[in-house]
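Now for the letters of each chain:
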Amino acid sequence: MRVIAGTARGVPISAPHDRGTRPITDRVKETLFAILGERVIDARVLDLYAGSGAIGIEALSRGAIAATFVEQSQTAVATLRANLDRTRLTAPASVRQQDVLRFLAAAIGGPWDLVTLDPPYGERAILAPLEGVVPLLAPGGMVVVKHFWRTAVTAPQGLAAVRERRFGETTLTFLADDRRSP
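The rules behind each value
- Residues numbered from 1 in each chain as written.
- Predicted model: local features only at pLDDT ≥ 70, side-chain atom pairs only at ≥ 80, totals over all residues.
- Heavy atoms only, no water.
- Helix = DSSP H or I, 4+ residues; strand = E, 2+ residues; numbered from the N terminus.
- Rg over C-alpha atoms; globule rule 2.2 N^0.38 Å.
- Buried < 20%, exposed > 50% of the residue type's maximum accessible area, 1.4 Å probe, protein only.
- Polar contact = N/O pair within 3.5 Å; in protein donor to acceptor, adjacent residues only side chain to side chain.
- Contact = heavy atoms within 4.5 Å.
- Axes fitted to C-alpha atoms, helices over the stretch in contact; angles between N-to-C directions.
- Parallel < 35°, antiparallel > 145°, perpendicular 65-115°, else oblique.
- Left-handed = near helix turned anticlockwise from the far one by under 90°.
- Nonpolar A, V, L, I, M, F, W, Y, C, P; charged D, E, K, R; others polar.
- Expected span 1.5 Å × (residues − 1).
- Arc of directions from axis to C-beta.

Draft legend 1. Local environment of the overall build of the chain. A tally of regular secondary structure across the chain gives five helices and seven strands. For the chain, the C-alpha radius of gyration of 15 Å lies close to 16 Å, the compact-globule estimate for 182 residues. If you line up the chain on its principal axes, its C-alpha atoms span 45 × 30 × 30 Å. Burial statistics for the chain: of 182 residues in total, 50% are counted as buried.

Encoded structure:
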């Protein structure tokens, strides 16, 4: 794995050595950021189930102004911190070692313009974290879920599915803020 574009282009990214982490491939990451395009520039990013931090690091390298990484695994957090150091993107980053649902319930930080979720494929409960993200999302924000292709992603109230891309067993589902102003 490596950073594909931006200020840290070409810098290698390490993956945690545990079974719970499934690194994003460069192909999937390239497509994700091609679809997001200019939306990343000056964005505040929330990377949930961050693993190695590859998605949030790529966003920072491409011009996001800040990224918050949430990951429960101690091994993954150590790898993520090393990746931030290696890419020299530590300053605009915040790393939280905790359960995603607990983080969302505490509502620390935000609002975020771009939120990514990459829950373990065995964890099919995607709706609860999506519901927790909605109140923390900036108006017009975007949520991207990386998931097993057979796992359905139901958009909670406040989000609407706008696009989906499949790569073998991996699918990216894009959800946009559709909350109406009173």
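Having seen the structure, we can now continue with the description.
Draft legend 2. Representation of the side chain of D177 in the model. For D177, the position within the fold is in strand β7 (residues 170-177). A distance of 2.8 Å separates the side chain of D177 from the backbone nitrogen of G140, its partner in a polar contact. Apart from the residues within four sequence positions on either side, D177 is in contact with L137, A138, P139, G140, G141, G158 and L159.

Draft legend 3. Quick look at the packing of helix α1 (residues 26-36) against helix α2 (residues 54-61). Relative to each other, α1 and α2 sit at 45°, their axes nearing to 11 Å. By the angle class used here, α1 and α2 are oblique. When the axes of α1 and α2 are compared, the crossing they make is right-handed. On α2, the residues touching K29, L32 and F33 of α1 are A54, I55, E58 and A59. Here the contact of α1 with α2 is built from residues that sort into five nonpolar, no polar and two charged.

Draft legend 4. Spatial organisation of helix α3 (residues 74-87). Between its first and last C-alpha, α3 extends 20 Å over 14 residues, near the 20 Å set by a 1.5 Å rise per residue. When we look at burial in α3, the residues that qualify are A76, V77, T79, L80, N83, L84 and T87. Around the axis of α3, the buried residues are gathered within 165° of arc, so they sit on the same side. Looking at α3, the residues exposed on the side facing more than 90 degrees away from the buried face are Q74 and D85. Buried residues in α3 make contact with α2, β2 (66-71) and β3 (93-97). For α3, the N-terminal capping position is held by S73, with its side-chain oxygen 3.3 Å away from the main-chain nitrogen of T75. One or two residues past the end of α3 sits R88, with phi positive at roughly 60°.

So far we have only geometry, and geometry alone does not tell us how the molecule works.
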